[in-house]
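If you want the building blocks of each chain, they are given just below.
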Amino acid sequence: MQLRLARSVLDLTHPIVMGVLNVTPDSFSDGGSYAVVESAIERALQMAEEGALMLDIGGESTRPGAPPVSVELELERVIPVIEALARRTPVALSVDTRKPEVMEAAVAAGASIINDVAALRAPGALAAAARSGAAVCLMHMQGEPGSMQADPRYGDVVAEVRQFLAERVAACNAVGISLDRLVLDPGIGFGKRLEHNLALLAHLQELKIGACPLLVGVSRKSMFGALLGRGVTERLAGGVAGATAAVLAGASIIRTHDVAATIDAVKVAVALRQAGFESL
Ligand code: 7PJ
């Protein structure tokens with residue numbers, strides 16, 4: 001399996017790990033400052049060293065209750081980091097954004113994948129992504145980040161997520177974004193209860209559309225709070241188990257904060273698949 005990127009082709013014969021790089025403020029400083037850019041670059045290079053073949057750079061938190069971020073601030077946070085990483089590492093750079101202006105500037109700065117939790121539904125996003133030539137990750141989300149976890153409901157979660165992704169694939173194809181540029185993602189934790197997240201992982205294969213690779217992100221998510229009663233800093237083992245299951249279920253890209261441990265999990269899952277492990 002392959003994914004066409006802005007300037008190259010990414011081989012996905014074997015599943016790969018995408019490291020999460022949040023360029024969002026900490027208690028001391030905001031993105032855009034020299035110290036924040038420097039520490040983000042250092043963290044990114046460390047994840048590349050650990051074996052991440054893709055880095056997902058985001059300047060807007062989509063956690064419930066996170067404040068909205070202006071286009072200017074998001075650009076200030078992510079563009080210097082993308083420019084520096086494009087010079088310093090060969091790994092594929094993804095920009096995690098819902099804003100068309102950020103998509104275009106990020107691809108111009110060296111990003112080759114657009115990761116949009118809104119699946120290009122913002123006005124102008126489809127056209128911006130099409131023009132950029134970048135690959136696109138289309139993720140399912142029910143509702144909006146601020147309120148999505150309040151009372152998520154589905155009749156048949158797998159069928160509804162598949163239907164949504166199929167509609168977004170069609171919208172992409174209509175503006176000239178071909179199937180070989182698309183990645184599909186069930187959006188674990190985005191307007192979903194534990195039972196919905198588990199059903200999507202168990203039935204991941206049913207989300208396959210054409211040959212589009214599947215991306216799954218479970219690391220540190222609240223499903224492990226619900227399932228294991230663990231706080232966000234205690235979810236590494238749960239996330240590694242989830243990543244293993246996702247690869248066995250057919251995921252090609254695992255998005256994670258914990259690159260080194262997740263690479264080991266992916267290797268175990270790949271070896272099991274090669275030994276004939278049968279998914280459900
Ligand atoms: C995801 C994401 C995910 C994609 C976040 C977190 C929340 N993008 N952005 N898939 N999650 N494509 O990392 O906990 O699951 S932000």
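Residues numbered from 1 in each chain as written. Predicted model: local features only at pLDDT ≥ 70, side-chain atom pairs only at ≥ 80, totals over all residues. Heavy atoms only, no water.

Brief notes about the overall build of the protein
- When you go through the protein residue by residue, the secondary structure sums to nine helices and ten strands.
- Its C-alpha atoms give the protein principal-axis dimensions of roughly 45 × 40 × 40 Å.
- Out of the 280 residues belonging to the protein, those deemed buried represent 53%.
- Taking the intrachain contacts of the protein between residues at least 6 apart in sequence as the baseline, contacts between residues at least 24 apart amount to 70%.
- Carbon and sulfur atoms make up 55% of the accessible area of the protein, which totals about 12000 Å².
- Each charge class in the protein was averaged separately, 25 positive and 30 negative side chains, and the resulting centres sit 2 Å apart. (Helix = DSSP H or I, 4+ residues; strand = E, 2+ residues; numbered from the N terminus. Buried < 20%, exposed > 50% of the residue type's maximum accessible area, 1.4 Å probe, protein only. Contact = heavy atoms within 4.5 Å. Areas by Shrake-Rupley, 256 points an atom, 1.4 Å probe, with all protein chains shown as cover. Lys, Arg positive; Asp, Glu negative; His and termini not counted. Charge placed at Lys NZ, Arg CZ, Asp CG, Glu CD.)

A few points about the pattern of salt bridges
- Following the criterion strictly, the structure yields eleven salt bridges and no others.
- One salt bridge connects R255 with D96, and the closest N-O pair in it is separated by 3.4 Å. Residue R255 is located in strand β10 (residues 253-256), and its partner D96 is located in strand β5 (residues 92-96); the two are separated by 159 residues in the primary sequence.
- Among the residues examined, R255 registers a relative accessible area of 16% and is labelled buried.
- Residue D96 is classed as buried on the basis of its relative accessible area of 13%.
- Note that R98 and E144 form a salt bridge whose closest N and O atoms lie 3.7 Å from each other. (Salt bridge = Lys/Arg side-chain N within 4 Å of Asp/Glu carboxyl O.)

Some points on the site of the ligand
- Taken together, 14 residues form the shell around the ligand, and within it N115, D185, F190, K221 and R255 come nearest.
- Within the side chain of N115, an N or O atom sits 2.7 Å from a nitrogen atom of the ligand.
- Interatomic distance of 2.5 Å between a side-chain N/O atom of D185 and a nitrogen atom of the ligand.
- Out of a free accessible area of 380 Å², the ligand has 93% covered by protein chains.
- Every element with two or more residues in the shell around the ligand is listed here: β7 (135-139) and β9 (215-217).
- Looking at the shell around the ligand residue by residue, the class counts come to five nonpolar, four polar and five charged. (Near = heavy atom within 4 Å. Polar contact = N/O pair within 3.5 Å; in protein donor to acceptor, adjacent residues only side chain to side chain. Nonpolar A, V, L, I, M, F, W, Y, C, P; charged D, E, K, R; others polar.)

Description of unusual backbone geometry
- The backbone of L120 sits at a positive phi, close to 65 degrees, despite the residue not being glycine.
- Relative to the helices and strands, L120 resides in the loop between β6 (113-116) and α4 (125-132).
- Within the chain, R220 stands out as a residue other than glycine whose phi angle is a positive 65 degrees.
- By secondary structure assignment, the location of R220 is in the loop between β9 and α7 (222-228).
- Take R220: its relative accessible area is 32%, and that puts it in the partly exposed class.

Points about a nonpolar patch on the surface
- The grouping of L198, L227 and L228 at the surface amounts to a nonpolar patch, some 250 Å² of accessible area in total.
- Looking at where L198 falls in the secondary structure, it is placed in helix α6 (residues 194-202).
- Looking at L198, the relative accessible area reads 36%, which means it is partly exposed. (Patch = residues over 30% accessible without salt bridge, like charges linked within 9 Å, V, L, I, M, F, W, Y side chains within 5 Å.)

Notes on the pairing of β5
- Burial within β5 is extensive, with five of its five residues counted as buried.
- Of the two faces of β5, the one holding A92, S94 and D96 and the one holding L93 and V95 are both buried throughout.
- Note: strand β4 (residues 54-58) against β5, five bridges, orientation parallel. Residue pairing across strands places D56 opposite S94, the latter belonging to β5.
- Note on the crossover from β4 through helix α2 (residues 71-88) to β5: the handedness is right-handed.
- In this sheet, β6 lies alongside β5 in parallel orientation, the contact comprising three bridges. Paired with S94 across the strands is I113, a residue of β6.
- The handedness of the β5 to β6 crossover, carried by helix α3 (residues 100-109), is right-handed. (Pairing = 2+ DSSP bridges. Right-handed = clockwise from strand over helix to strand, strands pointing away.)

Overview of the state of the cysteines
- The tally for this structure, following the rule as stated, stands at zero disulfides.
- Just so you know, C172 is unpaired, no disulfide at all, and the nearest cysteine sulfur is the one on C212, 9.3 Å from it. (Disulfide = S-S within 2.5 Å.)

Fair warning: the whole summary comes from geometry, so function is off the table for now.
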